[in-house]
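Secondary and tertiary structure notes
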Amino acid sequence: IEPDTAATKTVVVIGDSHAQQLMPALIPTAQEHNWRMISLLKNACRYGAESSSRDRECNERNEAAMDYVLALSPDAVLTHGTLSYQEAPREGLVPDYEDGIRPFLDAGIEVVAVRDNPRFPFHMFACVGLHGQDSPECNPARDDVLLKVNPLQELATREPLLHSVDVTDSICTDTVCPAVVGNVYVYRDHDHLNKTYVETMTPAFKRSLLAATGWGG
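Residues numbered from 1 in each chain as written. Predicted model: local features only at pLDDT ≥ 70, side-chain atom pairs only at ≥ 80, totals over all residues. Heavy atoms only, no water.

**A closer look at the overall build of the protein**
Helices and strands together make up the secondary structure of the protein, namely ten helices and nine strands. Computed over its C-alpha atoms, the radius of gyration of the protein comes to 17 Å, within 12% of the 17 Å expected for a compact globule of 217 residues. Dimensions of the protein along its principal axes, counting C-alpha atoms only, are 50 × 40 × 30 Å. Each of the 217 residues in the protein was classed as buried or not, and the buried ones make up 51%. (Helix = DSSP H or I, 4+ residues; strand = E, 2+ residues; numbered from the N terminus. Rg over C-alpha atoms; globule rule 2.2 N^0.38 Å. Buried < 20%, exposed > 50% of the residue type's maximum accessible area, 1.4 Å probe, protein only.)

Shown next, in the form of structure tokens:
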């Protein structure tokens with residue numbers, strides 16, 4: 001936020017390391033549009049309602065995050081709405097996601113739900129060193145690592161305050177999800193995007209976010 005300038009929006013980011021990795025694209029977007037951005041991040045703790053798929057510490061932390069948001073009453077919450085997997089079915093809604101965001105929607109708080117990036121059963125960065133960036137091993141088929149339809153689509157259609165942001169086309173082509181794009185490594189391990197690559201995604205991320213939310217006007 002510029003000094004002595006009121007924020008145009010307050011946005012709370014809740015999530016794990018996959019939310020953290022988007023910050024190099026999200027922060028410049030927030031600065032450009034003068035949003036106040038608050039991050040509530042914890043590694044290996046995807047936001048959703050209480051679930052047996054998360055440990056007690058994560059469930060308690062998510063409950064506290066929900067209480068914080070409801071007390072603050074921001075304009076919007078940004079979370080990851082899907083979770084990717086190394087094996088089939090490769091992705092789905094975050095466990096108990098809808099129950100987790102329901103209190104926000106009921107309070108009139110917009111929810112920006114980001115689609116997760118692919119997750120691999122091997123180290124994508126190391127794959128290039130072993131096989132070369134053009135090898136099939138390092139360029140798995142898009143349809144093998146993600147579902148054809150974003151799992152958030154139905155929920156976003158049903159909930160007018162929920163905005164689905166899908167930047168898959170910035171990390172995958174129509175046919176493959178490569179390890180390297182434009183001489184930049186896309187991933188730094190099995191599932192985390194490379195910071196440098198996220199920086200190159202900033203214009204596309206901003207366009208997707210503004211188009212989904214209608215905040216650009």
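**Quick look at the pattern of salt bridges**
Applying the stated criterion across every chain yields a total of 17 salt bridges. Through salt bridges with shared partners, a single ionic network connects Asp-16, Arg-46, Asp-116, Arg-119 and Asp-191. (Salt bridge = Lys/Arg side-chain N within 4 Å of Asp/Glu carboxyl O.)

**Overview of the layout of surface pockets**
The space that makes up the largest pocket amounts to roughly 250 Å³. Forming the boundary of the largest pocket are 17 residues, of which Asp-16, Ala-44, Cys-45, Arg-46 and Leu-83 lie nearest the centre. When contributions to the lining of the largest pocket are tallied by element, the ones reaching two or more residues are helix H1 (17–20) and strand S4 (82–84). (1 Å grid on protein atoms, 1.4 Å probe; cavity = no way out; pocket = protein on both sides within 12 Å on 5 of 7 lines; lining within 4 Å. Points joined across faces, edges and corners; volume = space filled by probe spheres on them.)

**Some details on empty space enclosed by the protein**
For the coordinates displayed, the defined rule picks out one cavity of 30 Å³ or more. Volume-wise, the largest cavity comes out at about 80 Å³. Every residue along the wall of the largest cavity is listed here: Gln-21, Leu-22, His-80, Val-114, Arg-115, Asp-116, Asn-117, Asp-166, Val-167, Thr-168, Ile-171 and Leu-193. Here the lining of the largest cavity is composed, by residue class, of five nonpolar, four polar and three charged. (Nonpolar A, V, L, I, M, F, W, Y, C, P; charged D, E, K, R; others polar.)

**Digging into the state of the cysteines**
Within the structure shown, the criterion is met by three disulfides. Note on cysteine connectivity: Cys-127 is disulfide-linked to Cys-138, with sulfurs 2.1 Å apart. For the disulfide bridge between Cys-127 and Cys-138, the dihedral angle about the S-S bond is near -95 degrees, and by the sign convention the bridge is left-handed. Taken together, the residues span a long stretch of sequence, with Cys-127 in helix H5 (residues 124–131) and Cys-138 in the loop between H5 and helix H6 (142–145) at a distance of eleven residues. Assigned by exposure class, Cys-127 and Cys-138 land together as buried. (Disulfide = S-S within 2.5 Å.)

**Looking at the packing of aromatic side chains**
The geometry of an aromatic ring pair is captured by two quantities: the separation of the ring centres and the angle between the planes. In this structure the tally under the stated criterion is five aromatic pairs. On the basis of an interplanar angle of 20 degrees and a centroid distance of 5.8 Å, the ring pair of Tyr-47 and Phe-104 is categorised as stacked. Within this pair, whereas Tyr-47 is found in the loop between strand S2 (35–41) and helix H3 (56–72), its partner Phe-104 is found in helix H4 (residues 97–106), the two being separated by 57 residues in sequence. We classify Tyr-47 as buried; its relative accessible area is 2%. Their ring planes at 80 degrees and their centres at 5.0 Å tell us that Phe-120 and Tyr-187 sit as a pair that is edge-to-face. (Phe/Tyr/Trp six-rings, centres within 6.5 Å; stacked < 30°, edge-to-face > 60°.)

**A closer look at helix H10 (residues 202–213)**
With twelve residues, H10 ought to run about 16 Å at 1.5 Å a step, and its terminal C-alpha atoms sit 16 Å apart, in line with that. Among all positions of H10, only Thr-202, Ala-204, Phe-205, Leu-209, Leu-210 and Thr-213 are buried. In this fold, the buried residues of H10 make contact with helix H2 (23–33), S2, strand S6 (110–114), strand S7 (162–165), helix H8 (168–171) and helix H9 (195–200). Just downstream of H10, Gly-214 is the residue with a positive phi angle, here 75 degrees. (Expected span 1.5 Å × (residues − 1). Contact = heavy atoms within 4.5 Å.)

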